[in-house]
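What the coordinates show
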Amino acid sequence: MPRVQIIEMSLRDGLQNEVTHLSVGQRFSLIKKLNDAGIRRMEIGAFVSPTWVPQMSESGKLIKKVLRAQKMRRLHKETHFSALVPNRKGLETALESGIKEIAVFGAASETFSQRNINCSISQSLKKFEEVIKEARANKIKVRGYLSTVFGCPYEGAVSQAKVIKLVEKYLAMGVYEISLGDTIGVATPKQVREILNKVLKMSNSSKIAMHFHDTRGTAIANILASLDLGIRKFDTSLGGLGGCPYAPGAAGNVATEDVVYMLHGMGYTTGLDLQKLIKTTQWMSRQVGRQLPSKLSLTGG
Ligand code: HMG
Ligand code: MG
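Residues numbered from 1 in each chain as written. Chains lettered and ligands numbered in written order. Predicted model: local features only at pLDDT ≥ 70, side-chain atom pairs only at ≥ 80, totals over all residues. Heavy atoms only, no water.

So, the coordination of the magnesium ion (ligand 2)
Expected angles at a metal are 109.5 degrees for tetrahedral coordination by four donors and either 90 or 180 degrees for octahedral coordination by six donors. Rule in force here: Coordinating donors are taken as N, O and S atoms within 2.8 Å of the metal, stretched to 3.2 Å for Na, K and Ca; because water is absent from the atoms, sites can appear incomplete. Partly exposed describes any residue whose relative accessible area lies between the buried limit of under 20% and the exposed limit of over 50%, with all areas from a 1.4 Å probe on protein chains only and scaled to the type maximum.
In this structure, Asp-13 (OD), His-211 (NE2) and His-213 (NE2) serve as the protein donors to the magnesium ion (ligand 2), at separations of 2.1 to 2.3 Å. For the magnesium ion (ligand 2), all donor residues lie on one chain, and their spacing in sequence is D-x197-H-x1-H. Accessibility classification places His-211 together with His-213 in one group, the buried group.

And the structure:
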């Protein structure tokens with residue numbers, strides 16, 4: 001049966017936008033529960049400014065705790081953890097934490113780039129080039145994110161030609177995978193097909209992941225369109241937790257359990273236990289003090 005990989009975002013994309021800040025202990029409990037539900041890839045922190053995103057502070061402490069637990073076999077040995085790194089300073093702290101995978105994150109629109117990482121697109125590419133080179137010299141895998149692929153909260157429409165050029169640049173800089181972000185949840189399947197048809201002319205589908213926020217309820221349809229074109233990697237967030245602090249009004253990533261329900265029903269395998277995911281969402285709702293938006297956690301399965 002065809003396999004789909006879920007890259008779990010709740011600990012980073014999810015928590016970075018929550019009013020309730022979770023402690024390292026609470027975040028570790030979530031990681032353990034997700035690991036026990038079968039998640040094998042998760043982004044668990046960000047080496048960014050604690051003034052800009054206080055929710056991600058102590059990411060280094062969390063990562064050290066996680067890697068210690070994995071050594072003691074409290075977490076599956078095949079679970080891969082990653083964290084965001086915007087610049088050299090972030091890379092230094094990432095290296096110190098012992099993490100084996102990082103992700104650089106840029107945008108396809110200038111205003112979003114400025115608001116999110118305080119530099120232009122071309123400045124960001126220069127920073128990433130250095131970070132990627134140094135990370136790879138330290139045997140650290142690097143993922144790339146491209147935000148605002150389908151639209152920008154400040155500029156509106158984004159040129160597809162610009163997106164394609166940037167995807168090409170990221171791949172040439174040495175990211176092993178690029179995640180195409182619908183940061184504000186405006187994409188529709190037609191647009192997804194248009195962009196992916198172009199992207200897949202220059203890259204194998206194994207290097208492409210899709211990252212849909214579900215602001216307007218089109219994320220599941222967009223995943224279906226991506227599946228039809230051979231994409232097998234999706235960034236999702238337990239319960240639909242999150243948003244983006246620099247994309248006002250944007251909802252969280254599409255909910256992990258809602259995507260997994262659809263995939264299993266269509267005959268795809270994910271290695272995930274749906275009931276355990278739902279239970280974890282219910283636990284998570286209590287931690288953040290609100291009902292999370294996933295559909296499946298309301299029906300119970
Ligand atoms: P900056 O202000 O331009 O950095 O921030 P700077 O080099 O001018 O330094 C200013 C201060 O920040 C200094 O501290 C630095 O030490 C510190 P001071 O001397 O004033 O005390 N600093 C740092 N501290 C910790 N870690 C660092 C770091 N770098 C500098 N790495 C920076 C640049 C990128 C750090 C800042 O703009 C920032 O933290 N932005 C937040 C970015 C972020 O986390 N955004 C949310 C995630 S992206 C996202 O959600 C989209 C995604 O999900 C895909 C999608 O949906 O599209 C990935
Ligand atoms: Mg995102």
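A few points about the layout of surface pockets
The condition that has to hold: Throughout, the protein atoms alone are placed on a 1 Å grid, and a set of points is a cavity if a 1.4 Å probe fits but cannot get out or a pocket if it is open with protein on both sides within 12 Å along at least five of seven lines; lining residues have an atom within 4 Å of a point. Grid points are joined across faces, edges and corners, and a volume is the space filled by probe spheres set on the points. The numbering of helices and of strands both runs from the N terminus, where a helix is a DSSP run of H or I of at least 4 residues and a strand a run of E of at least 2. Gly falls in the polar group here, along with every residue not listed as nonpolar (Ala, Val, Leu, Ile, Met, Phe, Trp, Tyr, Cys, Pro) or charged (Asp, Glu, Lys, Arg).
Computed from the structure, the largest pocket encloses a volume of approximately 730 Å³. Counting only elements with at least two residues in the lining of the largest pocket, the list comes to helix H1 (10–14), helix H3 (59–71), helix H4 (88–97), helix H5 (110–117), helix H6 (121–137) and strand S5 (141–147). Among the elements that line the lining of the largest pocket, the one with the most residues is H4, at 4 residues. Here the lining of the largest pocket is composed, by residue class, of 19 nonpolar, 16 polar and 6 charged. One number sums up the size of the second largest pocket: a volume of about 260 Å³. Along the wall of the second largest pocket there are 16 residues; nearest its centre are Asp-214, Ala-255, Asp-258, Pro-293 and Lys-295. For the lining of the second largest pocket, a count of residues per class yields 6 nonpolar, 6 polar and 4 charged.

Quick notes on the nonpolar core
What counts, and what does not: Nine residue types can take part in a nonpolar core, namely buried Ala, Val, Leu, Ile, Met, Phe, Trp, Tyr and Cys, and a core is a set of them joined through side-chain atoms within 4.5 Å.
Counting residues in hydrophobic clusters, the biggest one holds 96 residues, and the most contacted among them are Ile-102, Met-210 and Met-284. Ranked by residues supplied to this core, first place goes to helix H7 (residues 160–173) with 7 residues.

Topic: helix H11 (residues 274–288)
Put simply, the rule is: Given a helix with a known number of residues, its expected span is that number minus one, times 1.5 Å. Pairs of residues are marked as contacts when any of their non-hydrogen atoms sit within 4.5 Å. Pairs of N or O atoms are called polar contacts if they sit within 3.5 Å, as long as, within protein, a hydrogen donor faces a hydrogen acceptor (for residues adjacent in sequence, only side-chain-to-side-chain pairs).
Taking 1.5 Å per residue, 15 residues should reach 21 Å; H11 reaches 21 Å between its end C-alpha atoms and fits that length. Of the residues making up H11, those classed as buried are Leu-274, Leu-277, Ile-278, Thr-280, Thr-281, Trp-283, Met-284, Ser-285 and Val-288. Here the buried face of H11 lies against helix H2 (24–36), helix H10 (256–265) and helix H12 (296–299). Of the residues that open H11, the one with a side-chain oxygen 3.1 Å from the backbone nitrogen of Gln-275 is Asp-273.

A short note on the site of ligand 1
The criterion, for reference: Only heavy atoms are used to decide nearness, and a residue is near a molecule or strand if one of them lies within 4 Å of it. If over half the atoms of a molecule are within 2 Å of the grid points of a cavity or pocket, the molecule is regarded as sitting in it.
The environment of ligand 1 is made up of 26 residues, and the closest members are Ser-49, Asn-116, Asn-118, Ser-147 and Thr-183. One nitrogen or oxygen atom from the side chain of Asp-13 is found 2.9 Å from an oxygen atom belonging to ligand 1. Note that an oxygen atom of ligand 1 is positioned 3.1 Å from one of the side-chain N or O atoms of His-213. More than half of the atoms of ligand 1 fall within 2 Å of the grid points belonging to the largest pocket. Among the elements of the structure, H1, H4, H5 and S5 are those that each provide at least two residues to the shell around ligand 1. Partitioned by chemical class, the residues of the shell around ligand 1 number 12 nonpolar, 11 polar and 3 charged.

Some words on the side chain of Glu-177
Looking at where Glu-177 falls in the secondary structure, it is placed in strand S6 (residues 177–182). Polar contacts involving the side chain of Glu-177 include one to the side chain of Lys-233, which spans 2.6 Å. Those residues within four positions of Glu-177 in sequence are excluded, and the remaining contacts are Ile-7, Arg-41, Val-142, Arg-143, Gly-144, Lys-207, Ala-209 and Lys-233.

Digging into a positive patch on the surface
For the record, the criterion: A patch consists of residues exposed above 30% relative accessible area that lack any salt bridge, with like charges linked at up to 9 Å and nonpolar side chains (Val, Leu, Ile, Met, Phe, Trp, Tyr) linked at up to 5 Å. For accessible areas, the Shrake-Rupley method is used with a probe of radius 1.4 Å. Any residue's cover is judged against the shown protein chains and nothing else. The rule for a salt bridge is simple: a side-chain nitrogen of Lys or Arg has to be within 4 Å of a carboxyl oxygen of Asp or Glu. Positive charges come from Lys and Arg, negative ones from Asp and Glu, while His and the chain ends are left out of the count. To locate a charge, take NZ of a lysine, CZ of an arginine, CG of an aspartate or CD of a glutamate.
On the surface, Lys-64, Lys-65, Arg-68 and Arg-74 cluster together to form a positively charged patch. Exposure remark for Arg-68: the relative accessible area of 52% places this residue in the exposed category.

A look at the side chain of Thr-236
Secondary-structure assignment places Thr-236 in strand S8 (residues 233–236). Overall, Thr-236 belongs to the buried group, its relative accessible area being 0%. Here Thr-236 is in contact with Ile-6, Ile-7, Glu-8, Met-9, Ser-10, Asn-253, Val-254, Ala-255, Thr-256 and Val-259, once residues within four sequence places are set aside.

So, empty space enclosed by the protein
Within the structure shown, the criterion is met by 2 cavities of 30 Å³ or more. By volume, the largest cavity amounts to about 40 Å³. Lining the largest cavity, in full, are Ile-7, Arg-41, Met-42, His-80, Phe-81, Ser-82 and Glu-101. Every element with two or more residues in the lining of the largest cavity is listed here: strand S2 (41–46) and strand S3 (80–84). Its residues placed into classes, the lining of the largest cavity shows 3 nonpolar, 2 polar and 2 charged. The space that makes up the second largest cavity amounts to roughly 30 Å³. When residues of the lining of the second largest cavity are traced back to their parent elements, those giving at least two are strand S4 (101–107) and H5. Counted by class, the lining of the second largest cavity contains 4 nonpolar, 4 polar and no charged residues.

Quick word on the packing of H4 against H6
Spelled out, the test is: Helix axes use the C-alpha atoms of the stretch in contact, all axes being lines fitted to C-alpha atoms, and the angles between their N-to-C directions lie in the range 0 to 180 degrees. Angles below 35 degrees are treated as roughly parallel, those above 145 as roughly antiparallel, those between 65 and 115 as roughly perpendicular, and all remaining angles as oblique. A crossing counts as left-handed when the near helix is turned anticlockwise from the far one by less than a right angle, and as right-handed when that turn is clockwise.
Interhelical geometry of H4 versus H6 gives an angle of 20° and a closest axis separation of 9 Å. One element, H4, and the other, H6, form an angle in the roughly parallel class. For H4 against H6, the interelement crossing comes out right-handed. Only Glu-130, Val-131, Glu-134 and Ala-135 of H6 make contact with H4, whose side of the interface consists of Arg-88, Leu-91 and Leu-95. For the contact of H4 with H6, the per-class residue count stands at 4 nonpolar, no polar and 3 charged.

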